[in-house]
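Below, each chain spelled out in residue letters.
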Amino acid sequence: MSQQQLPYGSWPSPLTASWASASSLRLDGARFVGDEIWWGESLPDEAGRVAVMRRRRDDSVEVVLPAPGNARSRVHEYGGGAWTASDDGELFFVDKSDQRIRRLRPGGEPEALTPEESGTHYGGLRWQHGALLAVRERERPGRTPERHIVRIDGASSDENAASGDEAGVTELAGGSDFVAQPALSPDGSQLAWVAWDHPDMPWDRTRIRVIELDAPDRVREVAGGSTAALQPEWTSDGQLLLLDEPTGRWNLHRVDPATGAAPVAVSPADADTGGGLWVLGTRWYVPLDDGRVVAVRTHGSDQLVIIDRDGGAIPLPFPATARLQIEDVRGSRALVSGAMPGASGLWLVDLDSGETTAVRGGTPDIDEAWIPHARQITTEGPHGPVHAFAYPPTNPDVTAPTDELPPYLVWVHGGPTSHVGGTADAKAAYFTSRGIGVLDVNYGGSTGYGRSYRERLNGQWGVVDVDDVAAAARGLAADGLADASRLAIEGGSAGGWTVLAALVGTDVFGAGVSRYGVGDARALAAETHDFEARYLDGLIGPLPEAEHVYIERSPLSHAEGFRVPLLLLQGDEDAVVPPAQAEAIRDALVAQGVPHAYVLYAGEGHGFRRTETIVNALESELAFLGQVFGFDTPGVAPIELD
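Residue positions are given per chain, counted from 1 along the sequence in the order it is written. Local features in this predicted model are restricted to residues whose pLDDT is 70 or higher, and side-chain atom pairs enter the listing and the counts only when it is 80 or higher, whereas totals over whole chains, interfaces and linings include all residues. As a rule here, side-chain values come from all non-hydrogen atoms in the structure, and water together with hydrogens is ignored.

**Considerations on helix α10 (residues 611–629)**
We count a stretch as a helix when DSSP gives it H or I for four or more residues in a row; a strand needs E for two or more, and each element gets its number in order from the N terminus. For a helix, the expected span equals 1.5 Å multiplied by the number of residues minus one. Helix length check: α10 (19 residues) gives 27 Å between terminal C-alpha atoms against 27 Å at 1.5 Å per residue, within 8%. Positive phi shows up at Gly-630, right after α10, with a value of about 80°.

Here it is in structure tokens:
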């Protein structure tokens, strides 16, 4: 069958926005519970509610946490670790409605375990050795919130558990602005955790601390201080594993807390086992009972490996190569989540045989011919190499005229200390199937390439990120892969800042899409939540000393530079980048007479979760690109630009 020949961007595609929304699986943790597998899943058709599901021995799937239950934490605003379960099948979850921890036996009614207390949030739940651990965050008006590692005594079967300073909750550790990743020793006598203080972020500098629970004044620091040490985990023989980066790469280390000796690298590699600790409950490795460790290693893409007792690393065949997380381990079996081309999912992995079975998702629901294959690209920019992944237009039924180059959408991830791993998701396929290429850029500041690469952005936010995405886009066009006159740039949150800064500071892009992007750095510093309250100290400089830099870098300070059409997408409940930022950009576009559209989504926060929002945002973006770059968008109505 011969292919149609149609201009890029106008290709008809069966991959609809509704399909992309339904195919964008959002998992939130997984765990072995008895002989079942449980996992959390955000349901776009239920306004993004996070339900907990289970797969039973007969492979039937049931809902453990039914509506209106919603396992969502507000600790650090980004949450994470909002549910866990005991080995005998009790669910513990943070209810989004009031942030209290509740216990639920499948088929029963939820029972509150923590007191009703306004301004108190829980997250990072972990069931270990018969105890329920959590991070508790208490707001204090005008002051930094108070955060502790706590034990929820009402969840434990230990009748001698301390009553604590309030009913059912015992403070175990604190003493810093932030705490995360609690780990209880096998005998229950020691607790390890990650601590850090303003103005550092957890990828700048942290400390691993250990406390003897029967002598709470005896706190030892066993790692970190000048590095970003992460994820302490106890082995069965009382040793402590952790992630540290003295060589500039996050690698697995071992330490004996009793001796005070420095951590020793277990299996050094020119790759990262670790990343940005944006959400609680993140795990990049898990020790096995037999002394081995299953871990994720990242250099550009992710790889699943087994680290043996001698430090040797054996790669495991695994379908996913991006966003890998080790969720849980039972014997020689592991639950691993991640993304592969065309799908994300949760897999059960036999660590001895290498056999992998999809538990949820993990299989593209479209023919492979529709899935674009990543081309890894490294471009030399003014600050050094820039890493990116290019996804070309891909449609088995259509080809383009031989004398035409494709438009490209340049994606800028958020964070900015995030990372993309080179797997085309449903959103990428939505655009590439219509003849629009996607260039996904890991600009300077991204994780996954070592500390020096992510520290390239220190003090240079709005400079290095802009230069890097511009260099990557120019390089793609110079190689004859993209139409230089039809390059658009899109990003959300910190990525939205880079979008806006690139539009006012370069002439590379012919259009932009900003999802809840930052337009005024001073306003962000004044309005954002505590987790990121001092983030800009490192990215730009401390206030008030560096106020002139904030003014100079902010896109709104250069509103006259807005010359090309812009689409603004924003949630009306966004506490990280409030709507006022998008509305200030909109007003500047009106004043400059720049064609634009502003779409405000009711009930959405920082990141879109509802089906109707995801669908509308994708269709609005496609319609916007069609109108700006002059191609039809079959099946998608035009968008009106003001």
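Now that the structure has been shown, the text picks up again.
**Notes on the sheet that holds strand β17 (residues 215–224)**
Strands sit in the order β14-β15-β16-β17 across an open sheet of four strands; the sheet is antiparallel. The open sheet is flanked by β14 (178–184) and β17, the only strands paired with a single partner. Recorded for the sheet is a direction-independent mean angle of 25° between the axes of neighbouring strands. In this analysis, strands are considered paired if DSSP registers two or more bridges between them. Relative to strand β15 (residues 190–196), β14 runs antiparallel, the two being bridged by five bridges. Inter-axis angles, ranging from 0 to 180 degrees, are taken between N-to-C directions of lines fitted to C-alpha atoms, where helices are fitted over the stretch in contact.

**Some thoughts on the pattern of salt bridges**
The term salt bridge refers to a side-chain nitrogen of Lys or Arg lying within 4 Å of a carboxyl oxygen of Asp or Glu. Tallied over the entire structure, the rule returns 42 salt bridges. Arg-49 is the salt-bridge partner of Glu-46, the closest N and O atoms lying 2.7 Å from each other. Judged by its relative accessible area of 7%, Arg-49 is buried. Residue Arg-283 is joined to Glu-233 by a salt bridge in which the shortest nitrogen-to-oxygen separation is 3.5 Å. Placement of the pair is Arg-283 in the loop between β21 (264–265) and β22 (285–287) and Glu-233 in strand β18 (residues 230–234), with a sequence separation of 50 residues. Think of it in three bands: with a 1.4 Å probe and only protein chains considered, a residue is buried below 20% of the maximum accessible area for its type, exposed above 50%, and partly exposed in between.

**Here we look at the packing of aromatic side chains**
Pairing of aromatic side chains requires ring centres within 6.5 Å, counting the rings of Phe and Tyr and the six-membered ring of Trp. Pairs whose planes differ by under 30 degrees are stacked, by over 60 edge-to-face, and all others tilted. A full pass over the atoms with the stated rule returns 16 aromatic pairs. Arranged with centres 5.6 Å apart and planes meeting at 70°, the rings of Trp-203 and Tyr-535 form a pair that is edge-to-face. Taken as a pair, Trp-203 in the loop between β15 and β16 (207–212) and Tyr-535 in helix α7 (residues 535–539) lie far apart in primary sequence, 332 residues in all. Between Phe-318 and Trp-347, the aromatic rings sit 5.2 Å apart at their centres with planes inclined by 70°, giving edge-to-face as the arrangement. With Phe-318 in the loop between β25 (313–315) and β26 (322–330) and Trp-347 in strand β28 (residues 343–350), this residue pair connects regions lying 29 residues apart in the sequence. In this pair, the class of Phe-318 matches that of Trp-347, namely buried. Through a chain of ring-to-ring contacts, three or more aromatic side chains come together here, namely Tyr-78, Phe-178, Trp-196, Trp-203, Trp-278, Phe-531 and Tyr-535. The side chain of Arg-434 reaches across the aromatic face of Tyr-430, ending 4.1 Å from its centre. By definition here, charges over rings are those cases where NZ of Lys or CZ of Arg is within 6 Å of the ring centre and within 35 degrees of the ring normal.

**Considering unusual backbone geometry**
Across the chain, the bulk of peptide bonds are trans and the bulk of non-glycine residues have phi less than zero. Here the residue pair His-198 and Pro-199 is connected by a cis peptide bond, since its omega of 5° sits within 30 degrees of zero. Along the polypeptide, Pro-199 turns up in the loop between β15 and β16. For the peptide bond that leads from Leu-543 to Pro-544, omega is 5°, which places it in the cis range. For Pro-544, the position within the fold is in the loop between α7 and α8 (547–553).

**Digging into the environment of Ile-101**
As for its placement among the helices and strands, Ile-101 is situated in strand β8 (residues 101–104). You can call Ile-101 buried: its relative accessible area is 0%. Measuring from C-alpha to C-alpha, the distance between Ile-101 and Val-590 comes to 47 Å, with 489 residues separating the pair along the chain. Should any heavy atoms of two residues lie within 4.5 Å, those residues are considered in contact. Setting aside anything within four residues of it in sequence, one finds Ile-101 in contact with Phe-93, Val-94, Glu-111, Ala-112, Leu-113, Thr-114, Tyr-122, Leu-125, Leu-132, Ala-134 and Ile-152.

**Quick look at the nonpolar core**
To form a nonpolar core, buried Ala, Val, Leu, Ile, Met, Phe, Trp, Tyr and Cys residues must be joined to one another through side-chain atoms within 4.5 Å. Core analysis: the largest hydrophobic core is formed by 145 residues, its most contacted members being Phe-431, Leu-439 and Phe-562. The element contributing the most residues to this core is α10, with nine residues. One finds Phe-93, Leu-104, Ala-134 and Val-150 within the second-largest nonpolar core, a separate group that totals 26 residues.

**A short note on the pairing of strand β11 (residues 131–140)**
Along β11, eight of the ten residues are buried, which leaves the element largely enclosed by surrounding structure. In terms of strand pairing, strand β10 (residues 120–128) meets β11 through seven bridges, oriented antiparallel. Following the sheet pairing, His-121 is matched in β11 by Glu-137. The turn joining β10 and β11, which pair antiparallel and follow one another in sequence, is formed by two residues; a positive phi near 50° is taken by His-129. Where β11 lies against strand β12 (residues 143–152), seven bridges are found, and the strand directions are antiparallel. Bridge pairing in β12 links Arg-136 to His-148. Here β11 folds back onto β12 in antiparallel fashion, the turn holding two residues, of which Gly-142 has a positive phi close to 80°.

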